[in-house]
Amino acid sequence: MATNDTRPPAMFLAGDPSLDFLNSIGTPVDKVVEWLADGQDLMSWLEQAGLVPPEAAATIRANCLPGELDAVAAQARVLREWFRSFVLAHRSHSLTRHSLHELEPLNRILERDDAYGAIVARSVDAAAAGSAASALEWRTLRRWRTPDSLLLPIAHAIANFLTSEDLSRVKSCEKSPCTLFFLDRTRGLARRWCSMTVCGNRAKQALFRARLKRRQRSAHRSKKTKAS
Ligand SMILES: [Zn+2]
């Protein structure tokens, strides 16, 4: 991010990293904000999302030409808009094997993966919690050989989402003009806003103001009737 950046911080409130990725462009207040405008943006977003380990990010930053990262950011934006139209087309029904051919663009990215497995030390937190049976764990790691490997954790998040979540739970925030998506995990599908603190409160304030205006108007009207 540039130092004169006036954008608000990127939003991570969708309840799933793949939907947070969709929200990397959006209208949280009144104008459209693009959080993946260039390569530096993409790196920063991936790090905030926890999708690229800091050491890998440092290596990629050190080894890439600026134009290379910008080109990957452009590919990420294409992937994002492909995913957005897929979600919008499919959120009213569950996916079947007939949707498979539509997922080819995603599978083409996934097949480039250079992932490998390794036994590593379990994170200090998990070990300290005492819940783990072993101090070691089996983890999938990735060789970040080329800049376009930055698309892989995003593609994984999307693949994971499409195969494990119910698309009918994807909603858009009800507070206009907010355009953010989220996954409604409540039992009665009751979640209405991207975030209670942002849009939920704004919606409540708007409702309160509308009620107040209505009350003032009817008080004014009854005063007029009494006077006549
Ligand atoms: Zn919202």
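Preceding block: the structure.
Quantities reported herein were computed from a predicted structural model and do not represent experimental measurements. (Residues numbered from 1 in each chain as written. Predicted model: local features only at pLDDT ≥ 70, side-chain atom pairs only at ≥ 80, totals over all residues.)

A.B. asks: Is there a simple way to think about the overall build of the protein in this case?
C.D. replies: Counting secondary structure elements, the protein contains eight helices and six strands. Its C-alpha atoms give the protein a radius of gyration of 23 Å, clearly above 17 Å, the size a compact globule of 228 residues would have. Across the 228 residues of the protein, 20% fall into the buried class. Taking as baseline every contact in the protein between residues at least 6 positions apart, the subset at least 24 positions apart corresponds to 63%. (Helix = DSSP H or I, 4+ residues; strand = E, 2+ residues; numbered from the N terminus. Rg over C-alpha atoms; globule rule 2.2 N^0.38 Å. Buried ≥ 20, exposed ≤ 12 C-beta atoms within 10 Å, placed from the backbone. Contact = placed C-beta atoms within 7 Å.)

A.B. asks: Looking at this model, I keep getting lost on the pairing of strand β3 (residues 115-121). Mind explaining?
C.D. replies: Within β3, only zero of the seven residues are buried, leaving the element largely exposed. Two elements, β3 and strand β4 (residues 136-142), share seven bridges in a ladder whose sense is antiparallel. Bridged to Val120 within β4 is Glu137. (Pairing = 2+ DSSP bridges.)

A.B. asks: Mind showing me how you'd approach the environment of Arg142 here?
C.D. replies: Structurally, Arg142 is set in strand β4. Here the alpha-carbon distance between Arg142 and Ser44, two residues 98 residues apart in the chain, equals 19 Å. Setting aside anything within four residues of it in sequence, one finds Arg142 in contact with Asp114, Ala115, Ser149 and Leu152.

A.B. asks: Before we go on, may I ask you to explain the packing of helix α2 (residues 39-48) against helix α4 (residues 66-90) in this structure?
C.D. replies: Relative placement of two packed helices is described by the angle separating their axes and the distance separating the axes. The N-to-C vectors of α2 and α4 enclose an angle of 65°; their axes lie 7 Å apart at closest approach. With respect to each other, α2 and α4 are oriented roughly perpendicular. In contact with Gly39, Gln40, Asp41, Leu42 and Met43 of α2, α4 contributes Pro66, Leu69, Asp70, Val72, Ala73 and Ala76. Looking at the contact of α2 with α4 residue by residue, the classes come out as seven nonpolar, two polar and two charged. (Axes fitted to C-alpha atoms, helices over the stretch in contact; angles between N-to-C directions. Parallel < 35°, antiparallel > 145°, perpendicular 65-115°, else oblique. Nonpolar A, V, L, I, M, F, W, Y, C, P; charged D, E, K, R; others polar.)

A.B. asks: I keep staring at the packing of α4 against helix α7 (residues 151-164) and nothing clicks. Help me out?
C.D. replies: It is the contact of α4 with α7, at a shortest axis distance of 11 Å, that shows an interaxial angle of 10°. Regarding the angle of α4 to α7, the classification is roughly parallel. Contacts from Val72, Gln75, Ala76, Leu79 and Phe83 in α4 reach Leu151, Ile154 and Ile158 in α7. A per-class count over the contact of α4 with α7 returns seven nonpolar, one polar and no charged.

A.B. asks: Just to check I follow, could you spell out the environment of Glu102 for this structure?
C.D. replies: The topology assignment puts Glu102 in the loop between α4 and α5 (104-110). The partly exposed category is assigned to Glu102, around which 14 C-beta atoms lie within 10 Å.

A.B. asks: Any chance you could explain α2 here in plain terms?
C.D. replies: Residues lying three or four places apart along an α-helix face the same way, a consequence of the helix completing one turn every 3.6 residues. For α2, every residue scored as buried is listed here: Gly39, Asp41, Leu42, Met43, Trp45 and Leu46. Against α3 (54-63), α4 and α7 lie the buried residues of α2. A positive backbone phi angle near 70° is found at Gly50, which sits one or two residues after α2.

A.B. asks: Sorry, what's going on with unusual backbone geometry here?
C.D. replies: Peptide bonds are mostly trans, and most non-glycine residues show a negative phi. The residue after Ser176, namely Pro177, is reached through a cis peptide bond having omega 0°. Here Leu189, not a glycine, exhibits a phi torsion of approximately 50°, which is positive. One can find Leu189 in the loop between β6 (181-183) and α8 (196-227).

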